[in-house]
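Architecture at a glance
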Amino acid sequence: MTALMFVFSKDSVVIGMDTLAVLPDDKSPHKYASKAFMLPHLGAVICGTGVFQLPLDWYVDIQSNLIARDMDFMNEIAPDRLRQIWSRIGAPGTSTVYHFGYSPGEDAYVGYAFRSTNDFIGERLEYGIGIKPALDELITIAGEMVDEPDICAVIVSLIESARALDDNLPVDDRVGIGGEIHLLTLTAGRQIGWVVRPWPDFESLYDQMLDALGKSNAMAE
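Below, the structure is looked at part by part. Predicted model, so just to flag it, every value in this text is computed and none were measured. (Residues numbered from 1 in each chain as written. Predicted model: local features only at pLDDT ≥ 70, side-chain atom pairs only at ≥ 80, totals over all residues. Heavy atoms only, no water.)

**Some details on the sheet that holds strand β8 (residues 108-115)**
With antiparallel pairing, the five strands of this open sheet are ordered in space as β5-β6-β7-β8-β9. The open sheet has two free edges, formed respectively by β5 (36-39) and β9 (122-124), since each of these has just one partner strand. Put simply, the sheet's adjacent strands are angled 25° from each other on average, direction ignored. Across the face of the sheet, helix α1 (residues 53-65) comes into contact with β5, β6 (44-50) and β7 (95-103) while running at roughly 15° to β5. Here helix α2 (residues 71-89) sits on the sheet in contact with β5, β6, β7, β8 and β9, set at roughly 165° to β7. (Pairing = 2+ DSSP bridges. Helix = DSSP H or I, 4+ residues; strand = E, 2+ residues; numbered from the N terminus. Axes fitted to C-alpha atoms, helices over the stretch in contact; angles between N-to-C directions. Contact = heavy atoms within 4.5 Å.)

Put into structure tokens, the structure is as follows:
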């Protein structure tokens with residue numbers, strides 16, 4: 001799972017995500033990964049929550065097999081292709097893939113969600129703020145910050161709040177948020193992505209990942 005916050009309108013998109021991937025059984029740190037993938041040649045970005053292999057394989061499929069010049073066609077074929085990939089993965093759990101980008105057909109930025117829980121039927125996203133995990137406390141915080149002019153700062157604050165709230169949940173209920181905060185912006189034909197900052201426990205979690213890898217290799221031998 002992951003933290004995903006976005007603010008978008010007809011003219012721009014701002015997306016924030018963390019980079020921690022955890023194991024589903026005990027929520028222990030597994031690896032760091034970028035969870036949003038730029039597709040400048042399609043004017044789009046894809047990202048995902050839940051089972052990470054789905055958005056990753058979809059990104060590879062787009063890059064390897066899709067012949068298109070914009071995101072409109074990608075949105076059209078996504079449900080069938082995602083069903084095929086999901087069936088091949090055969091992983092437990094759920095996953096959602098998000099598309100954000102410029103639609104020439106509408107002359108505007110648009111967003112779609114494709115959820116495994118809804119057979120990957122494309123769901124048009126409303127303009128405004130999107131929050132995942134959709135905790136009541138985060139929704140309240142977002143409502144209090146809705147008039148803040150610095151959208152990037154709003155998203156960073158929401159992700160940091162999500163981490164703090166998630167850490168206080170019982171282990172079985174946690175999403176698992178950490179690593180670094182990544183931001184992406186789409187506007188006026190540009191796509192820009194950067195690392196805002198890591199969390200203070202970045203190095204210690206990385207050491208845990210390496211220790212677990214060593215134990216796995218030892219067991220395999």
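Moving on, there is more to tell.
**Details of the side chain of S161**
Assignment of secondary structure puts S161 in helix α4 (residues 151-167). Excluding residues that lie within four positions of it along the chain, S161 makes contacts with L138 and I141.

**Section: the nonpolar core**
Core analysis: the largest hydrophobic core is formed by 24 residues, its most contacted members being L42, I46, L54, W58, I62, M74 and L82. Contributions of two or more residues to this core are made by β5, β6, α1, α2 and β8. Looking at which element gives the most residues to this core, the answer is α2, with seven residues. Apart from the residues lying within four places of it in its own chain, the contact partners of L42 are I62, L66, A68, R69, D70, M71, M74 and Y102. One finds A3, A142, I159 and A162 within the second-largest nonpolar core, a separate group that totals 19 residues. (Core = buried A, V, L, I, M, F, W, Y, C linked by side-chain atoms within 4.5 Å. Buried < 20%, exposed > 50% of the residue type's maximum accessible area, 1.4 Å probe, protein only.)

**Side note on the packing of helix α3 (residues 136-144) against α4**
A pair of packed helices is captured by two measures, namely the crossing angle of their axes and the spacing between those axes. The contact between α3 and α4 brings their axes to 10 Å, and the two run at 155°. With respect to their mutual orientation, α3 and α4 come out roughly antiparallel. In this structure, α3 crosses over α4, and the sense of that crossing is right-handed. Here E137, L138, I141 and A142 of α3 come into contact with α4, specifically with L158, S161, A162 and L165. (Parallel < 35°, antiparallel > 145°, perpendicular 65-115°, else oblique. Left-handed = near helix turned anticlockwise from the far one by under 90°.)

**Some points on the layout of surface pockets**
Volume-wise, the largest pocket comes out at about 600 Å³. Those elements that provide at least two residues to the lining of the largest pocket are β3 (20-22), β4 (29-32), β6 and α1. For the lining of the largest pocket, the per-class residue count stands at 12 nonpolar, eight polar and four charged. Space inside the second largest pocket adds up to approximately 190 Å³. (1 Å grid on protein atoms, 1.4 Å probe; cavity = no way out; pocket = protein on both sides within 12 Å on 5 of 7 lines; lining within 4 Å. Points joined across faces, edges and corners; volume = space filled by probe spheres on them. Nonpolar A, V, L, I, M, F, W, Y, C, P; charged D, E, K, R; others polar.)

**Here we look at α2**
Approximately 50° is the largest bend angle found in α2, and it occurs at A78, with the proline P79 only one to four residues beyond. Residues of α2 that are buried include every one of M71, M74, N75, I77, A78, P79, L82, I85 and W86, and no others. Buried residues along α2 sit in contact with β5, β6, α1, β7, β8 and β9. For α2, the N-terminal capping position is held by D70, with its side-chain oxygen 3.0 Å away from the main-chain nitrogen of D72. Positive phi shows up at G90, right after α2, with a value of about 60°. (Bend = angle between axes of the 7 residues up to and from the residue. Polar contact = N/O pair within 3.5 Å; in protein donor to acceptor, adjacent residues only side chain to side chain.)

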